Amino acid sequence: MLTPEFPEGADSPPDGMSRRTLLTLLGASAALAGAGCSRGPAESIVPYVRTPPEVTPSIASAYATTMTLGGYGTGLVVESHEGRPTKAEGNPEHPASLGSLGTLAQACVLGLYDPSRAGAILHGGSPATWQDFVRAVTAAPGEERGVRQQVHVLLEPTSAPHLIDRVLRARAQGIVVHYDAPLARQAAWEASLRVFGRTVEIRPDFRKADVIVAFDADFLDGSMAPPAWARAWGDRRRGAPPREGAGTPSRLYAVEPRLTVTGMGADERLRVPARDVRALAAALLARVLADKPGGAARADAVRAARSREPLRAASHAAWVEAVARDLVAHAGASLVLAGEGQPESVHRLVYALNEALGNAGRTVTYGPCPIHDAGGAAHGLAPLVHAIDAGEVATLIVVGGNPAYTAPADLDFARRIAAVRTTAFVGPYDNETARACAWFVPEAHFLESWSDARAFDGTASIVQPLVRPLHPGKTPAQILAVLAGSPEATSLDLVRSYWHTQAPGDAGAYWERALVRGVVADSADEALAVDFDWSSIGTELSATAGPTSASGAAPGAPGEALEVVFFADAKVNDGRFADNPWLQELADPVTKLTWDNAALLSPATASRYGVANEDVVAIEVRGRSVRAPVLVIPGTADGVVAIALGYGQADAGRVSSRVGANAYAIRHSFAPWFDDAALHKTGETMPLALTQEHWSMEGRPLVLTQSLAEYRSDPEFAARKNETPPTLYAYQETPRPGLPVRSRSSPQWGMTIDLNACTGCSACVVACMAENNIPVVGKGGVRLSREMHWIRIDRYFGGSPDRPAALLQPMLCQHCEKAPCEYVCPVNATVHSPDGLNEMVYNRCVGTRFCSNNCPYKVRRFNFFNYNAGKDETRKLGMNPDVTVRARGVMEKCTYCVQRIREAEIRARCEERPIRDMEVVTACQATCPAGAIAFGDIADETTRVARTRRDPRLYEVLGELGTLPRTRYLARITNPNPELA
């Protein structure tokens with residue numbers, strides 16, 4: 001017998017209650033409610049009387065702008081719907097992006113709509129006005145105890161021409177301006193000053209480099225390095241030829257203490273502690289110089305300089321010999337790089353290597369550094385700390401960043417701020433620095449303010465807003481304008497007035513062209529002709545080396561001190577993106593960790609300390625310690641614990657609140673990137689949210705890979721995986737290259753992903769989230785494997801534990817011709833379209849999840865909860881109106897960005913023409929820094945995607961199941977050095 005949902009008689013009126021009495025009481029209640037409540041102010045919603053000419057309802061507009069990170073700009077084209085920015089793409093006109101974007105730039109729109117952004121000027125925690133702030137910071141400094149005091153401004157590194165102009169004026173007025181950022185390229189700049197006599201920036205050309213050596217340099221990480229670098233490297237990796245000498249792909253060597261995106265893409269990787277990188281670079285330089293005419297004396301000088309740091313193992317000596325021969329054989333067509341985490345002496349050695357190999361002027365050029373060309377002021381926190389201690393600072397204005405959180409622990413910067421009489425912080429959040437300062441002024445987001453920036457090659461671009469300010473905020477130039485006596489100047493006035501003075505002709509037309517293109521025409525700096533000073537490479541190298549262990553034992557030996565390595569997180573950078581939930585839930589490209597950082601250890605080091613995944617350890621450095629859970633990652637150097645910066649912020653009520661461990665607490669100014677450490681097991685555990693917990697392909701040929709030599713001897717190895725199994729259903733398909741023969745009309749959509757070019761940077765994952773309104777589920781949801789990402793980057797390990805090789809594979813809905821999900825759906829919610837898409841009809845889906853159970857690729861996602869129900873109204877402004885917002889209880893998955901396909905179809909039909917090749921570009925394809933994704937009509941043999949399907953490396957994942965996927969892959973071909981096999 002069924003139990004009724006409500007008891008019998010529940011819908012009857014109470015005893016003694018007549019219908020007349022009930023209506024009387026209801027009427028009285030309504031009258032009382034009307035009398036007791038006050039009506040809010042009347043509001044009117046007025047439609048456009050005259051629609052702005054640039055706005056077409058339901059049709060997105062696109063505007064060029066620029067995002068700045070690390071001082072340099074990356075060009076964007078931002079999509080806007082009726083004044084709401086919703087999606088960022090790379091600007092193909094900009095040299096740093098070339099149409100692509102990294103993870104941080106892809107997520108910038110969500111930062112605009114962050115409800116935790118500050119929205120009011122505060123003084124001592126109480127509301128204040130702009131005029132009050134102006135009066136406070138422009139008061140005469142005076143003197144104190146006979147010491148002349150000045151106004152000090154702490155800026156982040158900048159290349160903005162209009163801001164640099166303001167900086168120079170401020171210095172002329174006696175205002176001291178410092179630069180600071182925890183991830184600045186200070187070591188590289190100092191090294192260039194010593195070897196070239198001036199500060200320069202390196203400009204590598206990866207397309208011309210046959211051999212690349214990266215000393216702890218993660219240049220393929222598109223989140224911080226220019227996406228154009230990954231694109232240039234990918235251009236040399238796509239389409240590996242079967243014949244000797246026919247466009248051989250470049251060879252990449254990586255030397256690093258932890259596994260990075262660049263290390264995963266390397267052909268040869270050497271894992272060593274960070275302290276050993278310098279000895280390897282010096283040994284390599286000595287070996288290269290020995291083979292150069294007249295280089296013996298210089299080689300002897302380098303050997304003498306590294307005599308106190310011998311190579312740790314015989315394998316390192318063999319590596320140096322093999323790599324040196326390879327570099328010399330490709331002199332003038334090779335490239336050597338050093339990362340920001342290495343000391344100045346390593347950068348000098350790298351400059352010397354490029355000079356000795358004849359790479360300068362070919363694969364690498366040098367240009368002016370606009371950050372340092374701003375003038376001869378002190379850079380960094382040390383001079384400012386000294387000035388505060390000496391009582392020379394009357395007013396301190398911190399603009400941007402969060403130095404009270406990111407400053408090295410030994411500087412105790414928050415305490416020093418409190419020692420200044422007048423302090424102010426200009427930033428987007430009420431953070432640690434804001435609480436340490438008396439005044440707080442919100443900083444404007446770059447999508448709601450005017451500015452400018454230069455790219456790594458000097459190309460200038462304009463930062464133009466796409467929306468009226470959601471919160472009142474000021475730009476750095478406006479703060480300097482206050483000190484110059486122009487407190488009411490707008491960001492537009494400051495930027496436009498500067499560029500009008502730079503216009504060669506008609507200033508108005510010059511300005512408009514820069515806004516339309518996103519770049520200022522002919523603004524790139526010419527390469528500099530610099531002379532290398534060989535006297536800078538000598539015995540003083542030993543004295544300028546970074547922190548090293550006194551032990552001569554092999555790396556990771558029980559008697560040697562553990563080395564802690566700090567690195568910028570690929571998702572939150574130095575912590576400035578920690579309040580972005582898209583980035584927090586994004587799986588780290590290497591570790592697959594979300595919502596946390598961890599103490600990364602190699603399997604051997606974890607065994608040495610008796611710890612395993614999720615064991616909480618205390619990392620102690622020079623009397624300070626931080627606690628973090630362990631995560632064992634193959635590829636980490638033995639004797640190293642690596643921990644990401646940017647976590648452990650203590651701001652209550654924000655996304656970043658109590659997420660991860662604060663590695664800045666054990667970071668010191670004299671050893672900012674690596675140091676000796678001790679590690680102690682605490683006996684506690686902490687759960688980690690990982691999107692992938694296994695390292696093996698379990699014997700399945702998911703990622704096909706061969707060396708170049710093996711591929712040339714057997715170019716058909718991948719094609720043998722495409723044999724279609726017997727079937728009872730009629731289907732015409734060419735055995736290879738995989739172009740379907742259809743009776744139905746074109747187009748037939750399909751995708752090809754080149755594993756040779758894919759770096760695993762995860763930019764495609766964030767782009768998919770932004771385009772398709774994909775929600776976040778939080779750490780708890782990820783731990784239950786309920787993350788909603790429509791794309792995941794699978795990462796497997798091959799090879800030996802001493803030389804693990806990372807294998808990467810983006811996995812999304814394969815849009816199978818014979819989709820296993822379709823014939824098990826009881827309500828026909830997942831169906832096949834005439835143009836080859838596996839579609840989801842959300843209104844039909846009842847959430848049985850039969851389709852997910854039957855999908856061999858495990859790429860379907862289920863809404864266990866209505867993740868959009870409690871979303872803040874401000875965040876909803878950033879959602880794409882062209883994509884359905886899914887509710888609870890439906891299945892989601894990749895749609896090949898069907899909204900873009902249908903938009904192109906409508907446009908082509910209105911113009912009475914067929915859809916052009918590359919007219920439809922999916923979000924993942926558009927943003928991919930390495931250009932690894934091709935999408936289009938596979939039935940048209942002239943399209944780019946059809947050409948990729950004629951590549952002999954083409955194969956299907958799990959093709960033996962007979963699913964006939966529309967998404968196919970090109971096998972990875974590595975180019976290792978035969979001498980190091």
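Quick caveat, the model's predicted, so the values are computed rather than measured.

1. Some words on the packing of helix H4 (residues 130-137) against helix H17 (residues 476-483)
For the pair H4 and H17, the least separation of the axes is 9 Å and the interaxial angle reads 60°. The angle between H4 and H17 places the two elements in the oblique class. Here H4 runs over H17; the crossing is right-handed. Here Trp130, Phe133, Val134 and Val137 of H4 lie close against H17, whose contacting residues are Ile479, Val482 and Leu483. Of the residues in the contact of H4 with H17, the class split is seven nonpolar, no polar and no charged.

2. A closer look at the sheet that holds strand S30 (residues 749-754)
In spatial order, the strands read S37-S30-S39-S38; together these four strands make up an open sheet with mixed pairing. What marks the edges here is a single partner per strand, and that holds for strand S37 (933-937) and strand S38 (954-955). Sheet topology places S30 next to S37; five bridges connect them, and they run antiparallel. When the bridges of S37 are listed, Trp749 appears paired with Asp937.

3. Section: the environment of Asp216
By the secondary structure assignment, Asp216 is in the loop between strand S11 (211-215) and helix H7 (227-235). Asp216 sits in the buried class, given a relative accessible area of 17%. Sequence separation between Asp216 and Pro257 is 41 residues; the distance between their C-alpha atoms is 7.3 Å. Apart from residues lying up to four places away in sequence, Asp216 is in contact with Val255, Glu256, Pro257, Gly339, Gly341 and Gln342.

4. Thoughts on the nonpolar core
Within the largest apolar cluster, 206 residues are counted, with the highest numbers of intra-cluster contacts made by Leu76, Phe206, Phe215, Phe219, Trp319 and Ile619. Looking at this core element by element, the count peaks at nine residues for helix H9 (residues 277-290). For Phe206, the residues in contact, after removing those within four places along its chain, are Ile212, Phe219, Trp229, Ala232, Trp233, Arg236, Leu335 and Leu337. Membership of the second largest hydrophobic core comes to 29 residues, among which are Phe133, Val151, Leu155 and Ile175.

5. Some thoughts on the confidence of the model for the chain
The pLDDT averaged across the chain works out to 83; a share of 85% of its residues lies at or above 70. Ignoring residues within four places in sequence, the model shows residues 30-45, a span with pLDDT below 50, making zero contacts including any to other chains. Predicted confidence is poor over residues 539-559, with pLDDT under 50, and the contacts of this stretch with residues over four places away or in other chains come to 50 contacts.

6. Quick notes on the packing of aromatic side chains
On inspection of all chains with the given rule, the structure shows 21 aromatic pairs. Judged by centre distance (6.2 Å) and plane angle (80°), the rings of Tyr711 and Phe717 are edge-to-face. Their ring planes at 65° and their centres at 5.0 Å tell us that Tyr896 and Phe935 sit as a pair that is edge-to-face. On the criterion of sequence distance, the pair formed by Tyr896 in the loop between strand S36 (891-892) and helix H27 (898-910) and Phe935 in strand S37 is long-range, its members being 39 residues apart. Residue Tyr896 is classed as buried on the basis of its relative accessible area of 1%. Judged by its relative accessible area of 1%, Phe935 falls in the buried class.

Rules used in this analysis
Residues numbered from 1 in each chain as written. Predicted model: local features only at pLDDT ≥ 70, side-chain atom pairs only at ≥ 80, totals over all residues. Heavy atoms only, no water. Axes fitted to C-alpha atoms, helices over the stretch in contact; angles between N-to-C directions. Helix = DSSP H or I, 4+ residues; strand = E, 2+ residues; numbered from the N terminus. Parallel < 35°, antiparallel > 145°, perpendicular 65-115°, else oblique. Left-handed = near helix turned anticlockwise from the far one by under 90°. Contact = heavy atoms within 4.5 Å. Nonpolar A, V, L, I, M, F, W, Y, C, P; charged D, E, K, R; others polar. Pairing = 2+ DSSP bridges. Buried < 20%, exposed > 50% of the residue type's maximum accessible area, 1.4 Å probe, protein only. Core = buried A, V, L, I, M, F, W, Y, C linked by side-chain atoms within 4.5 Å. pLDDT = per-residue confidence, 0-100. Phe/Tyr/Trp six-rings, centres within 6.5 Å; stacked < 30°, edge-to-face > 60°.

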